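# Notes for the structure review
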Amino acid sequence: MMLCNDVLLLMMVPKDRIASITYLAHDAVEALLPGADTGVAVNHGTAEEILLQKPDLILAGTDSAPMARKLAKAVGARVVEVEAAHSFADIRRIVRQVGEAVGEPGRAHVLLAEMDGNLAWLASHQPARPLRVVAWSGSQAVPGRGTLTNEIIAASGADNIAARLLDNRYGSFGLEALLAAWPDAILQGETRWSGPSLQDAQSMHPLIERYWHGRRIAYPDAAYACGLPQSADAAIALRNLYRELPAGRLRW
Amino acid sequence: MVRPPQAPLPLMLALLLAAAGASLVIGKVWLPPVVLFDGLAAPKPNLAWLIVTELRIPRTVLALMVGATLGLGGAVLQGLLRNPLAEPGLLGVSGGAALGAVIAIYFGLAARFALVTPLLGIAGALAAGALTFLFGRSGTLTLILAGSAVSGLAAAGLALALNFAPSPYAAYEITTWLLGSVAEREWSQIVLCTPFILAGWLCLAATPRGLDALTLGEAQAESLGVNLNMLRALALAGVALSVGAATAMAGAIGFVGLVAPHLVRPFVGYRPSRILLPSAVFGALLLLVTDIAIRVIPTSAELKLGVLTSLIGTPFFFWLVLRLRRLSP
């Protein structure tokens, strides 16, 4: 019932071992593992479906754990509670945890080795001048310190200005603060995702269109919402996009 | 007969000017006035110039227009319906505007063209006003009932949009929009809405004579030659145009339209015609000061204008209730 767990599950075990995944997972799967969920049954987190599908194991998120435990008793299933991952350290922990739970620790090890390889490559190829960026799509819910988005930005070799402007993990700051901070590029989350791109399609305040034209980077909301081995790929994709930005500092 | 105290209109206008000045200087990013003035004189564009002309002036203009509209709309409706609880949203207009704007967000249109949200909001307000008029034009009570029905319909539509929101992000965007704000609106959106707001003000400005006559009762007003159907149509059209456009721009902002007429009545007297202008000016002042307060109050997430007006408005309202209880035997 937690879409990030389901994406992880699709990477770990063959489809015929999956009783069902949440209907919410489809967008994230399309962004991260296109086509991986074809033919897999979906659930809507209802008791009736769980009773019908009789799983042996329920992967629950923190919020859905109490409900999952109640249902699990009825069908005789095991419940494993997987926390949301907000850092690469969290990702290592939950991938190992799910790997153990489904009996595929070797697969978990392979996935993590791939992720750590990517992170090591990023760390050894730091850009000369770190770009100053922010994930800002309107003034609400800007990810700061302690968020997965912040980790991905840091791994990509850029400096998340929201990490210094906000005291909370998520906060809000308006255009005034954005203008005063003057980032080199603005990252914007997209719900419907068709690959990384420099975007100008989404209408924003004219000031953003005027000064950050060609400096807005679209990212898939789904990929940044789930801490997964692919989070390192997201950081690499960001790094590659930085090269497409206009050279030099942004001018008035 | 007790003469009402002299109208404090000049005082309110002076306060309004002071607040407008403060609104240009105060913001989340603190720039000392000296830096601001230097920026206005320095080669453009620069940070101070951009912040003042593209962010703080539009925000101030919008707060003034929306506040004045709510104050005026509330005063006219309280006179027309002869009900101290009337507020601009009573006739379903605000709900219609909110629904129109939310439809724009729901279908992702708002993300592509900035002007779609206010346009659909205005269309929603006009449709809601027309519906209320169609069912409720025969009398005061039917007008209020039809207005509640239309408000209910719009609320159901909003709930439906949240229910079927295409993604959690869309639901989040809809809820935050509904909280109400005048921050970061574009000049083009303000220019689009201004003619509707002005047309609405004109309609409402034609109502005071009828409203004064109406204080004597409907039959007496008709015998004085007031065409009540015409008066209702004018008030409803004025509210639909001005409050509709204001809601389409700023979202749902409660209590200003309800409280502003009550707060000016002790100073200007109880004749509806004398309340309209002061109530509009006071509504503008109230909303602008609240919007400045939002920028000064240190919050980690942005406090929304509609939230603060409701928070401030409620104690005022309790005070009104207590005062009414003391005054009535």
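Residues numbered from 1 in each chain as written. Chains lettered and ligands numbered in written order. Predicted model: local features only at pLDDT ≥ 70, side-chain atom pairs only at ≥ 80, totals over all residues.

### Quick look at the overall build of chain A
Convention followed: Each helix is a run of H or I in the DSSP string that is no shorter than four residues. Each strand is a run of E no shorter than two, and both are numbered from the N terminus. Here the globule rule is a power law, 2.2 Å times the number of residues to the power 0.38, and the radius of gyration is based on C-alpha atoms. Buried, partly exposed and exposed are defined by the number of other C-beta atoms within 10 Å of a residue's own C-beta, namely 20 or more, between the two limits, and 12 or fewer respectively, with C-beta atoms placed from the backbone. The contact criterion used here is simple: two residues whose C-beta atoms, placed from the backbone, lie within 7 Å are in contact.
Looking only at helices and strands, one finds 12 helices and 11 strands in chain A. Over its C-alpha atoms chain A spans a radius of gyration of 20 Å, differing by no more than 12% from the 18 Å that the globule rule assigns to 252 residues. Projected onto its principal axes, the C-alpha positions of chain A cover 65 × 35 × 35 Å. Going through the 252 residues of chain A one by one, you find that 40% of them count as buried. Looking at chain A alone, contacts between residues at least 24 apart form 62% of all its contacts between residues at least 6 apart.

### Remarks on the confidence of the model for chain B
We count it as follows: Per-residue confidence from the predictor is reported as pLDDT, which spans 0 to 100.
Here chain B averages 89 in pLDDT, and 96% of its residues register 70 or above. The ipTM, which scores confidence in the relative placement of chains, is 0.78 for this predicted complex, and the corresponding pTM is 0.85.

### Brief notes about the packing of helix α3 (residues 47–80) of chain B against helix α13 (residues 272–296) of chain B
All names here are of chain B. Operational definition: With axes taken as lines fitted to C-alpha atoms, and helix axes fitted only over the stretch in contact, angles between N-to-C directions fall between 0 and 180 degrees. In this scheme the crossing of two helices becomes right-handed for a clockwise turn of the near helix relative to the far one and left-handed for an anticlockwise turn of less than a right angle. When residues are grouped by polarity, Ala, Val, Leu, Ile, Met, Phe, Trp, Tyr, Cys and Pro land in nonpolar, Asp, Glu, Lys and Arg in charged, and all others, Gly among them, in polar.
Packing of α3 against α13 leaves a shortest axis separation of 7 Å and a crossing angle of 145 degrees. In this structure, α3 meets α13 at a crossing whose hand is right-handed. Taken together, the residues of the contact of α3 with α13 break down into 18 nonpolar, 7 polar and 2 charged.

### Some words on the interface of chain A and chain B
It is common to give the size of an interface as the accessible area lost on bringing the parts into contact. The partner chain B presents 23 residues to the 22 residues of chain A that form the contact. The set of elements that each furnish at least two residues to the side of chain A that touches chain B consists of α9 (175–181) and α10 (206–211) of chain A. For the side of chain A that touches chain B, the element with the highest residue contribution is α9 of chain A, accounting for 5 residues. For the side of chain A that touches chain B, the per-class residue count stands at 9 nonpolar, 10 polar and 3 charged.

### Considerations on helix α14 (residues 305–327) of chain B
An α-helix turns once per 3.6 residues; consequently, residues spaced three or four apart project the same way. All names here are of chain B. Cut-off, in case you're wondering: What a helix is expected to span follows from its residue count: subtract one and scale by 1.5 Å.
Here α14 is 23 residues long and its end C-alpha atoms lie 33 Å apart, about the 33 Å a rise of 1.5 Å per residue gives. By the burial criterion, the buried members of α14 are Leu305, Gly306, Thr309 and Gly313. The inward-facing, buried residues of α14 abut α12 (256–268) and α13.

### Quick notes on the domain arrangement of chain A
Residue and element names in this part refer to chain A. Basically, it comes down to this: Residue ranges for the domains trace back to a domain assignment, done automatically or taken from a database.
Once the domains are mapped, chain A shows domain 1 (3–119) and domain 2 (128–242). A straight line from the C-alpha centre of domain 1 to that of domain 2 covers 27 Å. Of the residues lining the interface, 23 residues belong to domain 1; the matching set on domain 2 comes to 18 residues. Of all the secondary-structure elements, those providing two or more residues to the side of domain 1 that touches domain 2 are α1 (3–12), α2 (25–32), α5 (88–101) and α6 (105–124). If one sorts the elements of the side of domain 1 that touches domain 2 by residue count, α6 sits on top with 6 residues. Of the residues that constitute the side of domain 1 that touches domain 2, the class distribution is 16 nonpolar, 3 polar and 4 charged.

### Looking at the pairing of strand β11 (residues 216–220) of chain A
Of all 5 residues in β11 of chain A, 5 are buried, a share of seventy percent or more. Both faces of β11 of chain A are covered, namely the face carrying Arg216, Ala218 and Pro220 of chain A and the face carrying Ile217 and Tyr219 of chain A.

### Side note on the nonpolar core
Which entries qualify depends on this criterion: A set of buried Ala, Val, Leu, Ile, Met, Phe, Trp, Tyr and Cys residues, joined through C-beta atoms within 7 Å, is what we mean by a nonpolar core.
The biggest cluster of nonpolar side chains holds 90 residues, and the ones touching the most others in it are Val66, Val76 and Val102 of chain B. Counting residues per element, this core draws most heavily on helix α11 (residues 228–250) of chain B, which supplies 14 residues. In this structure Val102 of chain B touches Leu158, Ala161, Ile174 and Trp177 of chain B, once residues within four positions along its chain are discounted. In this structure, Val142, Ala162 and Leu178 of chain A together with Ala48 of chain B belong to the second largest nonpolar core, which totals 71 residues.

### Observations concerning the pairing of strand β9 (residues 185–190) of chain A
Residue and element names in this part refer to chain A. Just so we agree on the cut-off: Strand pairing is defined by DSSP finding a minimum of two bridges between the two strands.
Counting buried residues along β9, 5 of its 6 residues qualify, which places the element largely inside the surrounding structure. When β9 meets β11, the two strands line up parallel, connected through 5 bridges. Paired with Glu190 across the bridge in β11 is Pro220.

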